[in-house]
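# Fold and geometry: a report
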Amino acid sequence: MTGNEIRQAFLDYFERHEHKVVHSSPLLPANDPTLLFINAGMNQFKDVFLGLEKRDYSRAVTSQKCLRAGGKHNDLDEVGKTARHQTFFEMLGNFSFGDYFKKEAIEYAWDLLVNEFKLAPERLWFSVFEGDDEVPPDDEARALWEKVGAAPERILGFGRKDNFWQMGDTGPCGPSSEIFHYMGDDPLDPEKNSPYWVNGPGDTTIEIWNLVFMQFNRTHEKDGTFKLTPLPAPSVDTGMGLERMAAVMQHVETNYETDLIKPFVEFVAELANA
Ligand code: SER
(Lines give C-alpha, C1' and ligand atoms only; values in the text may rest on other atoms or scores of the structure.)
Protein backbone atom coordinates (compact mmCIF):
# COMPACT_ATOMS: atom_id res chain seq x y z
CA MET A 1 0.00 0.00 0.00
CA THR A 2 1.15 3.53 -0.69
CA GLY A 3 1.26 6.04 2.13
CA ASN A 4 -1.85 7.70 0.71
CA GLU A 5 -3.67 4.37 0.65
CA ILE A 6 -2.73 3.62 4.27
CA ARG A 7 -4.03 7.02 5.38
CA GLN A 8 -7.26 6.51 3.47
CA ALA A 9 -7.71 2.94 4.74
CA PHE A 10 -7.35 4.15 8.34
CA LEU A 11 -9.89 6.96 7.87
CA ASP A 12 -12.30 4.64 6.03
CA TYR A 13 -12.04 1.90 8.66
CA PHE A 14 -13.04 4.20 11.48
CA GLU A 15 -15.66 5.99 9.39
CA ARG A 16 -17.26 2.56 8.88
CA HIS A 17 -17.30 2.28 12.67
CA GLU A 18 -19.26 5.51 13.13
CA HIS A 19 -16.32 7.91 13.55
CA LYS A 20 -16.60 11.42 12.15
CA VAL A 21 -13.72 12.18 9.77
CA VAL A 22 -12.26 15.47 11.00
CA HIS A 23 -9.68 17.55 9.11
CA SER A 24 -6.16 17.99 10.48
CA SER A 25 -5.86 21.21 12.45
CA PRO A 26 -3.10 23.71 11.49
CA LEU A 27 0.34 23.20 13.08
CA LEU A 28 -0.08 26.27 15.27
CA PRO A 29 -2.55 25.64 18.10
CA ALA A 30 -5.50 28.00 17.76
CA ASN A 31 -6.17 28.71 21.38
CA ASP A 32 -3.74 26.94 23.67
CA PRO A 33 -0.96 28.88 25.41
CA THR A 34 0.45 25.63 26.86
CA LEU A 35 1.64 24.40 23.47
CA LEU A 36 3.93 25.95 20.82
CA PHE A 37 3.18 23.48 18.00
CA ILE A 38 0.59 20.75 17.51
CA ASN A 39 2.28 17.60 18.82
CA ALA A 40 -0.56 15.05 18.64
CA GLY A 41 -3.91 14.34 17.05
CA MET A 42 -5.69 14.92 20.33
CA ASN A 43 -4.65 18.59 20.66
CA GLN A 44 -7.62 19.95 18.71
CA PHE A 45 -9.91 17.94 21.00
CA LYS A 46 -8.35 18.96 24.31
CA ASP A 47 -11.39 20.87 25.56
CA VAL A 48 -13.70 18.07 24.42
CA PHE A 49 -11.75 15.58 26.59
CA LEU A 50 -11.93 18.03 29.50
CA GLY A 51 -15.72 18.31 29.13
CA LEU A 52 -15.43 22.07 28.44
CA GLU A 53 -16.61 21.81 24.82
CA LYS A 54 -19.36 19.74 23.23
CA ARG A 55 -19.31 18.52 19.62
CA ASP A 56 -22.12 16.88 17.70
CA TYR A 57 -20.11 13.64 17.51
CA SER A 58 -18.57 11.43 20.20
CA ARG A 59 -16.18 9.51 17.92
CA ALA A 60 -13.67 11.06 15.54
CA VAL A 61 -10.83 10.01 13.24
CA THR A 62 -8.09 12.24 11.87
CA SER A 63 -4.80 12.34 10.06
CA GLN A 64 -3.05 15.13 11.96
CA LYS A 65 0.06 17.02 10.88
CA CYS A 66 2.42 17.15 13.90
CA LEU A 67 5.63 18.97 14.75
CA ARG A 68 7.72 17.74 17.64
CA ALA A 69 10.59 20.11 18.19
CA GLY A 70 10.31 20.78 21.93
CA GLY A 71 8.16 20.13 24.98
CA LYS A 72 6.83 16.80 26.19
CA HIS A 73 7.28 13.54 24.28
CA ASN A 74 9.14 15.23 21.45
CA ASP A 75 12.00 12.70 20.99
CA LEU A 76 13.95 15.53 19.34
CA ASP A 77 17.25 13.99 20.40
CA GLU A 78 16.41 10.93 18.33
CA VAL A 79 15.81 12.77 15.06
CA GLY A 80 18.56 12.11 12.54
CA LYS A 81 19.91 9.19 14.57
CA THR A 82 17.15 6.65 14.13
CA ALA A 83 15.23 5.38 11.13
CA ARG A 84 11.87 6.30 12.63
CA HIS A 85 11.90 9.71 14.36
CA GLN A 86 10.97 12.89 12.50
CA THR A 87 10.25 16.43 13.62
CA PHE A 88 7.31 16.65 11.19
CA PHE A 89 5.03 13.68 10.67
CA GLU A 90 1.43 12.64 10.23
CA MET A 91 -0.40 10.96 13.07
CA LEU A 92 -3.42 8.79 12.32
CA GLY A 93 -5.79 8.66 15.27
CA ASN A 94 -9.20 7.50 16.41
CA PHE A 95 -10.87 9.25 19.33
CA SER A 96 -13.71 8.56 21.70
CA PHE A 97 -15.12 11.37 23.79
CA GLY A 98 -16.85 9.56 26.65
CA ASP A 99 -18.16 6.99 24.15
CA TYR A 100 -16.19 3.72 23.96
CA PHE A 101 -13.17 2.96 26.13
CA LYS A 102 -10.44 0.32 26.40
CA LYS A 103 -12.37 -2.68 25.12
CA GLU A 104 -13.37 -1.22 21.76
CA ALA A 105 -10.09 0.68 21.34
CA ILE A 106 -8.17 -2.59 21.63
CA GLU A 107 -10.64 -4.54 19.47
CA TYR A 108 -10.43 -1.92 16.69
CA ALA A 109 -6.64 -1.81 16.83
CA TRP A 110 -6.28 -5.59 16.55
CA ASP A 111 -8.90 -5.84 13.81
CA LEU A 112 -7.35 -3.08 11.70
CA LEU A 113 -3.77 -4.32 12.03
CA VAL A 114 -4.35 -8.06 11.74
CA ASN A 115 -7.45 -8.37 9.55
CA GLU A 116 -7.24 -5.28 7.33
CA PHE A 117 -3.53 -4.47 7.14
CA LYS A 118 -2.70 -8.20 7.45
CA LEU A 119 0.18 -7.78 9.87
CA ALA A 120 1.37 -11.10 11.31
CA PRO A 121 0.52 -11.43 15.03
CA GLU A 122 3.87 -13.14 15.61
CA ARG A 123 5.57 -9.86 14.64
CA LEU A 124 3.49 -7.73 17.02
CA TRP A 125 4.30 -6.80 20.62
CA PHE A 126 2.01 -5.00 23.06
CA SER A 127 2.87 -2.88 26.08
CA VAL A 128 0.66 -1.89 29.00
CA PHE A 129 1.16 0.41 31.99
CA GLU A 130 2.65 -1.56 34.88
CA GLY A 131 1.54 0.93 37.56
CA ASP A 132 3.28 3.18 40.08
CA ASP A 133 2.46 4.97 43.33
CA GLU A 134 -0.02 7.29 41.57
CA VAL A 135 -1.87 5.05 39.09
CA PRO A 136 -2.47 1.25 39.41
CA PRO A 137 -1.30 -1.32 36.82
CA ASP A 138 -3.50 -1.63 33.74
CA ASP A 139 -4.50 -5.28 34.16
CA GLU A 140 -7.65 -4.59 32.18
CA ALA A 141 -5.73 -3.68 29.00
CA ARG A 142 -3.57 -6.79 29.39
CA ALA A 143 -6.66 -9.01 29.68
CA LEU A 144 -8.29 -7.32 26.68
CA TRP A 145 -5.23 -7.89 24.47
CA GLU A 146 -5.29 -11.57 25.40
CA LYS A 147 -8.99 -11.72 24.63
CA VAL A 148 -8.61 -10.35 21.09
CA GLY A 149 -5.87 -12.87 20.35
CA ALA A 150 -2.48 -11.57 21.52
CA ALA A 151 -0.21 -14.24 22.99
CA PRO A 152 0.28 -13.53 26.73
CA GLU A 153 4.08 -13.56 26.41
CA ARG A 154 3.86 -10.78 23.82
CA ILE A 155 2.19 -8.37 26.29
CA LEU A 156 4.80 -6.50 28.33
CA GLY A 157 4.52 -4.06 31.25
CA PHE A 158 6.38 -0.73 31.32
CA GLY A 159 6.43 2.30 33.62
CA ARG A 160 5.46 5.93 33.38
CA LYS A 161 8.15 6.95 30.89
CA ASP A 162 6.81 4.60 28.22
CA ASN A 163 3.18 3.93 29.08
CA PHE A 164 1.61 7.04 30.49
CA TRP A 165 0.84 9.83 28.03
CA GLN A 166 0.22 13.51 28.62
CA MET A 167 0.27 16.31 26.07
CA GLY A 168 2.20 18.70 28.30
CA ASP A 169 2.81 19.43 31.99
CA THR A 170 -0.93 19.95 32.30
CA GLY A 171 -3.99 18.66 30.45
CA PRO A 172 -5.75 15.37 29.72
CA CYS A 173 -3.66 12.23 30.28
CA GLY A 174 -3.80 8.55 31.10
CA PRO A 175 -2.15 5.13 30.89
CA SER A 176 -1.36 3.95 27.40
CA SER A 177 -0.88 0.74 25.52
CA GLU A 178 1.54 0.65 22.62
CA ILE A 179 1.82 -1.70 19.67
CA PHE A 180 5.22 -2.58 18.24
CA HIS A 181 6.20 -4.33 15.04
CA TYR A 182 9.23 -6.52 14.47
CA MET A 183 10.61 -5.45 11.07
CA GLY A 184 13.42 -7.99 10.78
CA ASP A 185 13.70 -10.89 8.39
CA ASP A 186 13.34 -13.76 10.85
CA PRO A 187 10.31 -13.63 13.18
CA LEU A 188 11.09 -17.15 14.36
CA ASP A 189 14.49 -16.16 15.76
CA PRO A 190 13.84 -15.89 19.54
CA GLU A 191 16.73 -13.48 19.98
CA LYS A 192 15.93 -11.05 17.19
CA ASN A 193 12.14 -11.02 17.71
CA SER A 194 12.26 -10.74 21.50
CA PRO A 195 11.02 -8.49 24.36
CA TYR A 196 14.54 -7.08 24.72
CA TRP A 197 14.00 -4.87 21.64
CA VAL A 198 10.60 -3.50 22.72
CA ASN A 199 11.36 0.05 23.92
CA GLY A 200 14.96 -1.04 23.45
CA PRO A 201 17.80 -0.11 21.13
CA GLY A 202 17.71 -0.12 17.34
CA ASP A 203 15.06 0.25 14.68
CA THR A 204 14.12 -3.35 14.06
CA THR A 205 11.25 -3.50 16.55
CA ILE A 206 9.38 -0.19 16.33
CA GLU A 207 6.36 1.35 17.98
CA ILE A 208 3.63 1.84 15.39
CA TRP A 209 0.56 2.81 17.42
CA ASN A 210 -0.14 4.29 20.83
CA LEU A 211 -3.55 3.84 22.45
CA VAL A 212 -4.06 6.31 25.27
CA PHE A 213 -6.82 5.68 27.76
CA MET A 214 -7.64 9.24 28.78
CA GLN A 215 -8.81 9.12 32.36
CA PHE A 216 -7.30 12.14 34.13
CA ASN A 217 -6.66 15.85 33.90
CA ARG A 218 -3.34 17.05 35.31
CA THR A 219 -3.49 20.56 36.75
CA HIS A 220 -0.88 22.89 38.18
CA GLU A 221 -1.92 23.91 41.67
CA LYS A 222 -1.20 27.26 43.32
CA ASP A 223 1.18 25.61 45.78
CA GLY A 224 3.37 24.50 42.84
CA THR A 225 2.33 20.85 42.85
CA PHE A 226 0.61 18.93 40.04
CA LYS A 227 -2.70 17.23 40.70
CA LEU A 228 -4.42 14.37 38.90
CA THR A 229 -8.23 14.44 38.81
CA PRO A 230 -10.54 12.04 36.93
CA LEU A 231 -11.97 13.31 33.63
CA PRO A 232 -15.76 13.74 33.39
CA ALA A 233 -15.87 10.65 31.11
CA PRO A 234 -13.11 8.13 30.28
CA SER A 235 -12.06 8.63 26.66
CA VAL A 236 -9.71 7.29 24.01
CA ASP A 237 -6.92 9.02 22.09
CA THR A 238 -4.79 6.99 19.71
CA GLY A 239 -1.87 7.87 17.48
CA MET A 240 -0.33 5.81 14.68
CA GLY A 241 2.74 7.09 12.86
CA LEU A 242 1.78 7.16 9.18
CA GLU A 243 5.39 7.10 7.95
CA ARG A 244 6.25 4.20 10.28
CA MET A 245 3.24 2.25 9.14
CA ALA A 246 4.29 2.91 5.54
CA ALA A 247 7.78 1.56 6.32
CA VAL A 248 6.16 -1.60 7.72
CA MET A 249 3.77 -2.08 4.79
CA GLN A 250 6.37 -1.25 2.14
CA HIS A 251 9.02 -3.53 3.69
CA VAL A 252 11.68 -0.83 3.89
CA GLU A 253 14.04 -0.23 6.78
CA THR A 254 13.57 3.49 7.37
CA ASN A 255 10.80 6.08 7.11
CA TYR A 256 12.99 7.93 4.60
CA GLU A 257 12.67 5.08 2.10
CA THR A 258 8.86 5.13 2.05
CA ASP A 259 6.98 6.63 -0.86
CA LEU A 260 5.96 9.47 1.49
CA ILE A 261 9.51 10.79 1.94
CA LYS A 262 11.78 9.19 -0.66
CA PRO A 263 10.67 11.49 -3.52
CA PHE A 264 11.82 14.52 -1.47
CA VAL A 265 15.19 12.93 -0.76
CA GLU A 266 15.61 12.11 -4.46
CA PHE A 267 14.58 15.61 -5.50
CA VAL A 268 17.14 17.21 -3.20
CA ALA A 269 19.79 14.69 -4.27
CA GLU A 270 19.13 15.64 -7.88
CA LEU A 271 19.49 19.35 -7.13
CA ALA A 272 22.73 18.57 -5.33
CA ASN A 273 23.97 16.39 -8.17
CA ALA A 274 24.41 13.62 -5.62
N1 SER B 1 -1.52 11.35 22.13
C2 SER B 1 -0.86 10.10 21.94
C3 SER B 1 0.47 10.27 21.28
O4 SER B 1 0.78 11.33 20.84
C5 SER B 1 -1.72 9.18 21.14
O6 SER B 1 -2.25 9.90 20.07
O7 SER B 1 1.20 9.33 21.21
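Small disclaimer: the values here were computed from a predicted structure and weren't measured.

## Description of the overall build of the protein
Scanning the protein from terminus to terminus reveals 7 helices and 9 strands. For the protein, whose C-alpha radius of gyration is 18 Å, the value lies close to the compact-globule estimate of 19 Å for 274 residues. Taking all contacts inside the protein whose residues are at least 6 apart in sequence as the whole, residues at least 24 apart take part in 73%. Element-wise, carbon and sulfur atoms account for 53% of the exposed surface of the protein, whose accessible area totals about 13,300 Å². Here the protein holds 27 positive side-chain charges and 45 negative ones, and the gap between their average locations is 4 Å.

## Here we look at the site of the ligand
Around the ligand, the surrounding shell consists of Ala40, Met42, Arg68, Met91, Trp165, Asn210, Val212, Asp237, Thr238 and Gly239. Between the ligand and Trp165 there is a distance of 3.5 Å, counted from an oxygen atom to a side-chain nitrogen or oxygen. Within the side chain of Asn210, an N or O atom sits 3.0 Å from an oxygen atom of the ligand. Considered on its own, the ligand offers 230 Å² of accessible surface; in the complex 96% of this is hidden by protein. Elements supplying a minimum of two residues to the shell around the ligand: strand S8 (205-220) and strand S9 (226-241). Among the elements that line the shell around the ligand, the one with the most residues is S9, at 3 residues. For the shell around the ligand, the residue count by class is 5 nonpolar, 3 polar and 2 charged.

About the thresholds
- Residues numbered from 1 in each chain as written.
- Predicted model: local features only at pLDDT ≥ 70, side-chain atom pairs only at ≥ 80, totals over all residues.
- Heavy atoms only, no water.
- Helix = DSSP H or I, 4+ residues; strand = E, 2+ residues; numbered from the N terminus.
- Rg over C-alpha atoms; globule rule 2.2 N^0.38 Å.
- Contact = heavy atoms within 4.5 Å.
- Areas by Shrake-Rupley, 256 points an atom, 1.4 Å probe, with all protein chains shown as cover.
- Lys, Arg positive; Asp, Glu negative; His and termini not counted.
- Charge placed at Lys NZ, Arg CZ, Asp CG, Glu CD.
- Near = heavy atom within 4 Å.
- Polar contact = N/O pair within 3.5 Å; in protein donor to acceptor, adjacent residues only side chain to side chain.
- Nonpolar A, V, L, I, M, F, W, Y, C, P; charged D, E, K, R; others polar.

Everything listed here is a matter of geometry and, on its own, says nothing about what the molecule does.
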